[in-house]
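Spelled out from the first residue to the last, the chains are:
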Amino acid sequence: MIISASVAITVILIFCLQAIIFAILLILKKPRTQANILLCIVLCFFALAAFNLALFYLVVLLDHVNWIPYLQLELLYGLGPSLYLYTKCVADPDYKIRKWRYLHF
């Protein structure tokens, strides 16, 4: 089964929109815990990576690759540290991120 490129781009963009809306709802939820903030960061990294993929395929579909030779950005590098810090916060509710933990990013 072959899916049209425009349909695939639309599905990816809908996923991005849903992830951003869910991240905003997590930030607005009271009480604002550190685990919710880190989960919001994880969702934003997923949404940005998917949006980058959809944007790249849209540029390829419109045949404008000569104008933008390198559009693929590596946004997944922040996903590992944010998942690590999120699982630390969920496993230990008293865990607080110290300044030296930001070196993971």
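For the structure itself, look to the data block above.
Residues numbered from 1 in each chain as written. Predicted model: local features only at pLDDT ≥ 70, side-chain atom pairs only at ≥ 80, totals over all residues. Heavy atoms only, no water.

A. Main features of helix α3 (residues 79-91). A rise of 1.5 Å per residue sets the reference length of α3, with its 13 residues, at 18 Å; its end C-alpha atoms lie 18 Å apart and thus fit the reference within 8%. Three or more residues of α3 are buried, namely L79, P81, S82, L85 and C89. All buried residues of α3 fall inside an arc of 165° around its axis, so they share one side. Looking at the buried positions of α3, the neighbouring elements they touch are α2 (34-61). (Helix = DSSP H or I, 4+ residues; strand = E, 2+ residues; numbered from the N terminus. Expected span 1.5 Å × (residues − 1). Buried < 20%, exposed > 50% of the residue type's maximum accessible area, 1.4 Å probe, protein only. Arc of directions from axis to C-beta. Contact = heavy atoms within 4.5 Å.)

B. Structural detail: unusual backbone geometry. Geometrically, the link from K30 to P31 is a cis peptide bond, its omega value of -10° lying close to zero. Considering the arrangement of structural elements, one finds P31 in the loop between α1 (5-28) and α2.

C. Representation of the packing of α2 against α3 in the model. Remark: α2 packs on α3, axes separated minimally by 9 Å, with the N-to-C direction vectors making an angle of 155°. Between α2 and α3, the crossing angle belongs to the class labelled roughly antiparallel. For the element pair α2 and α3, the recorded crossing hand is left-handed. Contacts from Q34, A35, L38, L39, I41, V42, F45 and F46 of α2 reach α3 at L79, S82, L83, L85, Y86, C89 and V90. (Axes fitted to C-alpha atoms, helices over the stretch in contact; angles between N-to-C directions. Parallel < 35°, antiparallel > 145°, perpendicular 65-115°, else oblique. Left-handed = near helix turned anticlockwise from the far one by under 90°.)

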